[in-house]
Amino acid sequence: MSEGLRVLLKIYKSNRAEWLADILSEELRLHPPTPFETVDVLVNTWPTSRWLNEKLAAKNGITALVDFPFPSAYLKKLARSILGYGENNKDHWKAKSLIWEILELLPEILQDKKASLLRQWLEKYNSNSDLLTKTKWNLAKRIADAFEDYSIYRGEILEEWSKISSHNDKKKEEAEDPYEWQCLLTKILVKTINEEPFSWLADKAIKKLKDNSHSHERLPNKIYIFGISTLAPSQIKLIKAISGLIDVTIFLITPCPELWQRLKTKRDEVESKLANRSEKEVSWQLTGLDSNLGRMGGEFQQLLEGIGEDQLGEIQENNL
């Protein structure tokens, strides 16, 4: 971290959404957008954007030049902008788009020896024909959902599968891996779609930001993130890297630090009491405990606050 680097990633934490909305209102009042500028406030749902828009208007008297994009599409557009790629409004790695690609490729995949598991599954439901059936559609949808998650959360696996050589393919065939068809499908999808998954784009964009080979003009002046309780690690890494160049302010709805500490203490107690129990039983008990106290939110906050090698801007935390 270079000496004298100003704070670029601010995190406001509170368990009251209305308090966070008041702070965002004050931020926009003190630093309003210019007539030719739009402020981006990332939210996770449409109702959140409507509620927040009304809160901002009630506090400041008017809300103008403020957009409320969703994080997935916005961060992908930002990564493409950093890399100098052109506009692309369609995400081919989304399940609703992937399903059509998979349905078209399915006959070719089923002919390969690696797809024995898929053939067995279709034969079980008498759907191993050239006709499109409900069973075949459901199969394609499940595969599309899985590959959409891979593209965001498991980019390294897709990259590994896409680079497997024919020599390695033969070795895997000898091992008779029933899920080897995923490697085959990945290589075909990467070739036919001709578009990189988000995690690949994010890694390239982060590398470019670290190398200082990116034009600042392609980035917005600042980004606000409001009320989002979970993001993929690849998305968080991109946000951290961007914070080295522009102001990123996150409004995080979270319990107080004391509650997270009580949760950790409770987890330790449960693990101690169940030390002699099976791993499955311990996991079930902890899952029930965490679901009541927000395990996903806790893990998201840990990822967000962890510095990591991709953190280019310093962090300032404010608890309300």
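Calculation criteria
Residues numbered from 1 in each chain as written. Predicted model: local features only at pLDDT ≥ 70, side-chain atom pairs only at ≥ 80, totals over all residues. Heavy atoms only, no water. pLDDT = per-residue confidence, 0-100. Contact = heavy atoms within 4.5 Å. Axes fitted to C-alpha atoms, helices over the stretch in contact; angles between N-to-C directions. Helix = DSSP H or I, 4+ residues; strand = E, 2+ residues; numbered from the N terminus. Parallel < 35°, antiparallel > 145°, perpendicular 65-115°, else oblique. Nonpolar A, V, L, I, M, F, W, Y, C, P; charged D, E, K, R; others polar. Buried < 20%, exposed > 50% of the residue type's maximum accessible area, 1.4 Å probe, protein only. Pairing = 2+ DSSP bridges. Right-handed = clockwise from strand over helix to strand, strands pointing away. Salt bridge = Lys/Arg side-chain N within 4 Å of Asp/Glu carboxyl O. Left-handed = near helix turned anticlockwise from the far one by under 90°.

Description of the confidence of the model for the chain
Right, on to step 1. Mean pLDDT over the chain stands at 79; residues scoring 70 or higher make up 71%.
Right, on to step 2. Counting contacts from residues 1–5, a segment whose pLDDT is below 50, to residues more than four positions away or on other chains yields seven contacts.

A look at the packing of helix α6 (residues 134–153) against helix α9 (residues 181–193)
Right, on to step 1. Their axes nearest at 12 Å, the elements α6 and α9 cross at an angle of 70°. Judged by the angle between their axes, α6 and α9 are roughly perpendicular. Two secondary-structure elements touch here, α6 through Ile-143, Phe-147 and Tyr-150 and α9 through Trp-181, Gln-182, Leu-185, Thr-186 and Leu-189.
Right, on to step 2. In terms of residue class, the contact of α6 with α9 is made up of six nonpolar, two polar and no charged.

Considering the pairing of strand β2 (residues 39–42)
Right, on to step 1. Burial along β2 is two-sided: Val-39 and Val-41 and Asp-40 and Leu-42, pointing in opposite directions, are all buried.
Right, on to step 2. As paired strands, β2 and strand β3 (residues 66–67) are joined by two bridges and run parallel to one another. Within β3, the position partnered with Val-39 by the bridge is Val-66.
Right, on to step 3. Once you follow β2 into helix α2 (residues 46–60) and on to β3, the crossover reads as right-handed.

Some words on the pattern of salt bridges
Right, on to step 1. In this structure the tally under the stated criterion is 12 salt bridges.
Right, on to step 2. One salt bridge in this structure joins Lys-204 and Glu-196, with 2.4 Å as the shortest N-O distance.
Right, on to step 3. Taking the shortest distance from any N to any O, the salt bridge between Asp-211 and Lys-207 comes out at 3.2 Å.
Right, on to step 4. A relative accessible area of 47% means that Asp-211 is categorised as partly exposed.
Right, on to step 5. Members of the salt-bridge network, linked through shared partners, are Lys-76, Asp-91 and Glu-195.

Considerations on the pairing of strand β5 (residues 247–253)
Right, on to step 1. Within β5, five of the seven residues are buried, which leaves the element mostly enclosed by the surrounding structure.
Right, on to step 2. Bridge count between strand β4 (residues 222–226) and β5: five bridges; the pairing is parallel. When the bridges of β5 are listed, Ile-223 appears paired with Val-248.
Right, on to step 3. Tracing the backbone out of β4, into helix α11 (residues 233–242) and back to the parallel element β5 gives a crossover that is right-handed.

Brief notes about the packing of helix α10 (residues 198–210) against α11
Each pair of packed helices gets described by two things: the angle between the helix axes and the distance between those axes.
Right, on to step 1. Taken N-terminus to C-terminus, the directions of α10 and α11 make an angle of 20°; their axes are 9 Å apart at the nearest point. As the angle between them shows, α10 and α11 are arranged roughly parallel. Every pair of crossing elements has a handedness; the one defined by α10 and α11 is left-handed. Across the interface between the two elements, Phe-198, Ser-199, Ala-202, Asp-203, Ala-205, Ile-206 and Leu-209 from α10 touch Ser-234, Gln-235, Lys-237, Leu-238, Ala-241 and Ile-242 from α11.
Right, on to step 2. Residues that form the contact of α10 with α11 fall into these classes: eight nonpolar, three polar and two charged.

Examining the environment of Thr-38
Right, on to step 1. Inspection of the secondary structure assignment puts Thr-38 in the loop between α1 (17–30) and β2.
Right, on to step 2. Classification of Thr-38 by relative accessible area gives partly exposed; the value is 38%.
Right, on to step 3. Taking the C-alpha atoms as reference points, Thr-38 and Ala-64, 26 residues apart in sequence, are found 8.5 Å from one another.
Right, on to step 4. If we skip the residues at most four places from it in the chain, Thr-38 touches Leu-65 and Asp-67.

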